[in-house]
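Letter by letter, the chains look like this.
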Amino acid sequence: MPDNSSSSVCAETRAVEKVEEGPVVRDSALADGTFYQSQCTGEIKTWHLFSRPDAVLAEAVNQDADNVEFTLEEEKAVRRKIDIRVLSLVVCSYIFNQFDRTNIGNAHVLKEFNQNFGITNNNKWTLALSIFYVGYCLLEMPANVFQRYIGANRFFFLSLSWWGIASLSFVYAKGYGGLLILRVLLGIGEAGYYAGMIYYLSFWYKRSELAMRISLCMTGTLPGAIGGLLAFGLVRAHTSLLTGWQFLFLIEAIPTLIMAVAILLFLPSFPFACTFLTPREKAIAQARVNRDHRPQSHGGMNGWTGFKAVVNDINAWLLMLIYASFNVGVATISYFLPTLINGLGFSPLSSQGLTVAPYAVGWFLVFFQAWHSDRTKDRGYHIMLSTAIACVGYIVLAALAGRGESSRMIGGRYFSLFLVVAGNYSLFPLVMSWAANVFSPTSKRGVGTAFIVSISNCVSIASPQIYFDSEDDFRIGHAIAAACLFASFSAAFLLRTRLAHKNRRNAEKARELAARDTQPGEELQEAEKQDERKIERKETRLEEIWDNDPRYVFMT
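Residues numbered from 1 in each chain as written. Predicted model: local features only at pLDDT ≥ 70, side-chain atom pairs only at ≥ 80, totals over all residues. Heavy atoms only, no water.

### Focus: the overall build of the protein
Right, on to step 1. For the protein, the count of helices and strands is 24 helices and 2 strands.
Right, on to step 2. Scored against the burial criterion, the 556 residues of the protein give a buried share of 57%.
Right, on to step 3. Residue pairs in contact within the protein that sit at least 24 positions apart in sequence constitute 86% of those at least 6 positions apart.
Right, on to step 4. A total of about 22,800 Å² of accessible surface is found on the protein, and carbon and sulfur atoms cover 63% of it. (Helix = DSSP H or I, 4+ residues; strand = E, 2+ residues; numbered from the N terminus. Buried < 20%, exposed > 50% of the residue type's maximum accessible area, 1.4 Å probe, protein only. Contact = heavy atoms within 4.5 Å. Areas by Shrake-Rupley, 256 points an atom, 1.4 Å probe, with all protein chains shown as cover.)

Written out as structure tokens, the structure reads:
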């Protein structure tokens, strides 16, 4: 089975040289990034679905990564291969994730769907939306620890299979109780998926490459646009067995189950376990991230220790406040967008079609913000800009609510939805890539990203309840969302200021340590200095730098 975690046997201790090869051959293999991997022999096997990734092979690839020499062109070629295999699978899986999560919003504008599940008022509707986050919150952090234990491909296979079956079950379910049960099961299946994907991508990409790639695959704008088009067509289908809304759930659930199998077969659990890269390319792929933040697939803090480290870190709480505040808007707009457009006077079918434009335009801002954020290596200012854009959109919605149905009022409210969608969804890649940059070591990063998503989604349980005033065009709901975005803006400003101050303080400490270690009167030749720097770099790469180390540089 390709790309699954492997189990190999190391023939000899890797630190021991093969005498017959000689030092010249050994040095060549070290520079080539294949020496330690060549010492591992044995057939690659997968013992069972829950077996742990191979620590022996992981260590061999990491040791080769510490010695491999490569050019910029080779690095770009390896990154391109990773984009084609890893990123494309992640993009597809997330599109199906959003289909299965938000298709209920497109179905809600149809009378047949509401009658089938007994949704007779707005309170029943918002409860059905909120209950999704119960299992999601409870299992987010345990799921992330479990992912590290069994590997990404097997974890995401289980996740996609679970929620795909849950989504498929909507087709024949009936009654309000059935709806609530399926929403809980859907949330359990999706627990750990979002934070887990961010954590997984940090094993493949540098910190300055994450935001743009997350914007390509981990935001709801692209799936929202595609989902709106699918809903616009599928809900028109009718047969003697199925109605339009049932086709919507059926057609969007089946690809998820197919994608689950594709993830299991073709998504590598870690760089060291992939088969689409040669041994040298594995070493280059690992060296790229090792020389940036050195993620570790094994060892480090256990789940409980990582949790305590995160809870005691004020950065985690500020990031959680940023995420939880803007997620109030996201958790509502993703479900209520067809309803809000329907409230402008458009028919249910037209409302689904009109969701496409805000999502499509929003995707461009999502991508531009992420691209520019990576290019400038800044997160804080970009987050503040996106929160301001979404906040203005909600203020306009609140101000124009109940002001009549003239073309000017309808146009203004529809335009403000563009601002809300673009601003809200552009925050996902910025905030989560910032979290991946702020936490170190890897074990803390995994728990930290899950902590942010889990605690924030506890707030999401109550988020749909802010849209309780349907008789007033949700004026109060829009005002609450705007206030939450202002809180997100303020938290981003505080966190950026704090991290910039820590960077300056760490730089001063590093200079003091360097000055203390330098002995007066010692003069080394330039060649000797360069050799010492090379040795020092190799030694410092042996262990991951923690975020409380003066050498650690936070992205602001």
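The structure having been displayed, the exposition proceeds.
### Topic: the pattern of salt bridges
Right, on to step 1. Taken as a whole and judged by the stated rule, the model has 15 salt bridges.
Right, on to step 2. With a shortest N-O distance of 2.9 Å, R288 and E209 are connected by a salt bridge. Residue R288 is located in helix α14 (residues 279-290), and its partner E209 is located in the loop between α10 (193-201) and α11 (210-217); the two are separated by 79 residues in the primary sequence.
Right, on to step 3. Its relative accessible area of 2% is what places R288 among the buried residues.
Right, on to step 4. We note a salt bridge from D549 to R551, for which the minimum N-O separation is 3.1 Å.
Right, on to step 5. Relative accessible area serves as the criterion here: at 18%, D549 is assigned to the buried category.
Right, on to step 6. The class of R551 is partly exposed, set by a relative accessible area of 47%.
Right, on to step 7. Taken together, the salt bridges that share partners define one network made up of E75, R79, K206, E209 and R288. (Salt bridge = Lys/Arg side-chain N within 4 Å of Asp/Glu carboxyl O.)

### Description of the packing of aromatic side chains
Right, on to step 1. Summed over all chains, the structure comprises 41 aromatic pairs.
Right, on to step 2. Judged by centre distance (6.0 Å) and plane angle (85°), the rings of W245 and F249 are edge-to-face. Of this pair, W245 and F249 both sit in helix α13 (residues 244-266), 4 residues apart, which is roughly one turn of the helix.
Right, on to step 3. Judged by relative accessible area, which is 1%, F249 ranks as buried.
Right, on to step 4. Across from the ring centre of Y176, 5.1 Å away, lies the NZ or CZ of K124, which sits over that ring. (Phe/Tyr/Trp six-rings, centres within 6.5 Å; stacked < 30°, edge-to-face > 60°. Lys NZ or Arg CZ within 6 Å of the ring centre and 35° of its normal.)

### Comments concerning the environment of L185
Right, on to step 1. Relative to the helices and strands, L185 is located in helix α9 (residues 175-190).
Right, on to step 2. Accessibility expressed as a relative area gives 31% for L185, which makes it partly exposed.
Right, on to step 3. In sequence terms L185 and V134 are 51 residues apart; their C-alpha atoms lie 9.6 Å from each other.
Right, on to step 4. Aside from chain neighbours lying at most four places away, what touches L185 is W162 and A166.

### Section: the side chain of R213
Right, on to step 1. In this fold, R213 is placed in helix α11.
Right, on to step 2. Overall, R213 belongs to the buried group, its relative accessible area being 8%.
Right, on to step 3. Side chain to side chain, R213 and D83 meet in a polar contact 3.1 Å long.
Right, on to step 4. Ignoring sequence-local partners within four residues, the contact set of R213 consists of R79, D83, L87 and Y205. (Polar contact = N/O pair within 3.5 Å; in protein donor to acceptor, adjacent residues only side chain to side chain.)

### A short note on the packing of helix α3 (residues 55-67) against α14
Right, on to step 1. In contact at an axis separation of 8 Å, α3 and α14 are set at 75° when each is read in the N-to-C sense. Put simply, α3 runs roughly perpendicular to α14. On α14, the residues that touch V61, N62, D64, A65 and D66 of α3 are K282, A283, Q286, A287 and N290.
Right, on to step 2. Class assignment for the residues of the contact of α3 with α14 results in 4 nonpolar, 3 polar and 3 charged. (Axes fitted to C-alpha atoms, helices over the stretch in contact; angles between N-to-C directions. Parallel < 35°, antiparallel > 145°, perpendicular 65-115°, else oblique. Nonpolar A, V, L, I, M, F, W, Y, C, P; charged D, E, K, R; others polar.)

### Observations concerning helix α21 (residues 427-438)
Because the α-helix completes a turn every 3.6 residues, residues three or four places apart line up on one side.
Right, on to step 1. Taking 1.5 Å of rise per residue, 12 residues should cover 16 Å, and α21 covers 16 Å from first to last C-alpha, within 8% of that figure.
Right, on to step 2. All buried positions along α21 are accounted for by L427, F428, P429, L430, V431, M432, S433, W434, A435, A436, N437 and V438. (Expected span 1.5 Å × (residues − 1).)

### Considerations on helix α19 (residues 380-400)
Right, on to step 1. Over its 21 residues, α19 extends 31 Å from the first C-alpha to the last, a length consistent with the 30 Å expected when each residue adds 1.5 Å.
Right, on to step 2. Looking one or two places after α19, you find G402, whose phi comes out positive at around 70°.

### Let's talk about the side chain of R154
Right, on to step 1. By secondary structure assignment, the location of R154 is in helix α8 (residues 152-169).
Right, on to step 2. On the basis of relative accessibility, which here comes to 1%, the residue R154 falls in the buried class.
Right, on to step 3. A polar atom in the side chain of R154 sits 2.8 Å from the backbone oxygen of I150.

### Here's the deal with unusual backbone geometry
Right, on to step 1. Non-glycine residue D473 carries a positive phi angle of around 55°.
Right, on to step 2. With respect to the element layout, D473 can be found in the loop between α22 (442-462) and α23 (475-517).
Right, on to step 3. Owing to a relative accessible area of 24%, D473 belongs among the partly exposed residues under this scheme.
Right, on to step 4. Positive phi, close to 60°, is recorded for F474, a residue that is not glycine.

### Observations regarding the confidence of the model for the protein
Right, on to step 1. Of the residues in the protein, 85% reach a pLDDT of 70 or more, and the chain-wide mean stands at 82.
Right, on to step 2. In the model of the protein, strand β1 (residues 7-10) stands out as the element of lowest mean pLDDT, 40, in contrast to α19, which has the highest, 95.
Right, on to step 3. Long-range and interchain partners of residues 1-20, a stretch whose pLDDT sits below 50, account for 63 contacts in this model, where long-range means more than four residues apart. (pLDDT = per-residue confidence, 0-100.)

### As for the packing of helix α4 (residues 72-108) against helix α16 (residues 314-342)
Right, on to step 1. Remark: α4 packs on α16, axes separated minimally by 8 Å, with the N-to-C direction vectors making an angle of 20°. Looking at the two axes, α4 sits roughly parallel to α16. Judged by the twist between their axes, the crossing of α4 over α16 is right-handed. Residues R101, T102, I104, G105, N106 and H108 of α4 form the contact with α16, whose participating residues are S334, Y335, P338 and T339.
Right, on to step 2. Of the residues contributing to the contact of α4 with α16, the split by class is 3 nonpolar, 6 polar and 1 charged. (Left-handed = near helix turned anticlockwise from the far one by under 90°.)

### Remarks on the environment of G192
Right, on to step 1. Position of G192 among the secondary structure elements: in the loop between α9 and α10.
Right, on to step 2. Residue G192 is classed as buried on the basis of its relative accessible area, which comes to 0%.
Right, on to step 3. In the structure, G192 is positioned 55 residues away from C137 in sequence and 9.1 Å away in space, judged by C-alpha atoms.
Right, on to step 4. In this structure G192 touches E140, A143, N144, Q147 and F155, once residues within four positions along its chain are discounted.

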